[in-house]
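Breakdown of the fold
Below are the chains, spelled out letter by letter.
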Amino acid sequence: MAVRERANCKGSRVGAVIIRDGRIISTGYNGTPEGMPNCLDGGCHRCANREKLYVSGTAYDICICVHAEQNAILSAARFGISVEGSTLYTTTRPCFGCSKEILQAKISTVFYLHDWVPPNPDTHPEYKRLQVELDLRHIEIDDPKKDWAAPKRPPARPTTDEHGFQES
């Protein structure tokens, strides 16, 4: 939870920590790539227009933010630290993209605090398939900043195309 304090996103604020042999080997939080303006400073078009243009949980392909889990894996790679066989702790259940990357990095176990569900879970069979492959474990602890970190998702709007863009 301390790592997510650095998150700079208008949506959820997520933190991740990778542990191996009882030691922290990497951390990550969600935000724009290094050297780019942060979301809260208008750096991400998707975040800046989230209420007008996109259904929550969609259009990640045009979002420039790097997720906390991705940042933790990439930070380890940048410094030549293997994450194979490690444990990842994250404040939110990994999304589709992060789930693929966690599996590919051979992280052994994932503990998460808050659940994340795709906007239309029944239409995401591949997400379910990835989640089964992960050794995923939900942890239940009090989160005094839950409303700040994981704001309630607005209801999905039915008038969007397959990319999450609002149809005219």
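Refer to the structure printed above.
Residues numbered from 1 in each chain as written. Predicted model: local features only at pLDDT ≥ 70, side-chain atom pairs only at ≥ 80, totals over all residues. Heavy atoms only, no water.

This part is about the nonpolar core. Looking at soluble globular proteins, one finds that nonpolar side chains tend to be buried together. The biggest cluster of nonpolar side chains holds 17 residues, and the ones touching the most others in it are Ile18, Ile73, Val83, Ile102 and Ile107. Of all elements in the fold, only strand S1 (15–20), helix H3 (68–78) and strand S4 (109–114) reach the threshold of two or more residues within this core. In terms of residues, this core owes the most to one element, H3, which gives four residues. Look past the residues within four positions of Ile73 in its chain and what remains in contact with it is Ile18, Glu101, Ile102, Ala105 and Ile107. Core analysis: the next-biggest nonpolar cluster, separate from the first, contains six residues, Cys39, Cys44, Cys47 and Cys63 among them. (Core = buried A, V, L, I, M, F, W, Y, C linked by side-chain atoms within 4.5 Å. Buried < 20%, exposed > 50% of the residue type's maximum accessible area, 1.4 Å probe, protein only. Helix = DSSP H or I, 4+ residues; strand = E, 2+ residues; numbered from the N terminus. Contact = heavy atoms within 4.5 Å.)

Assignment of secondary structure puts Arg6 in the segment before S1. Accessibility expressed as a relative area gives 58% for Arg6, which makes it exposed.

This paragraph deals with the sheet that holds S1. Taken together, the five strands give an open sheet; going across it, the order is S2-S1-S3-S4-S5, and neighbouring strands pair in mixed fashion. The sheet is open, and its two borders are formed by strand S2 (23–29) and strand S5 (136–138), each paired with just one other strand. Taken pair by pair, the neighbouring strands of this sheet meet at an average axis angle of 20°, ignoring direction. Pairing between S4 and S5: three bridges, direction parallel. Paired with Val110 across the strands is Leu136, a residue of S5. Across the sheet, H3 lies against S1, S2 and strand S3 (87–92), angled at about 130° from S2, the strand it touches most. (Pairing = 2+ DSSP bridges. Axes fitted to C-alpha atoms, helices over the stretch in contact; angles between N-to-C directions.)

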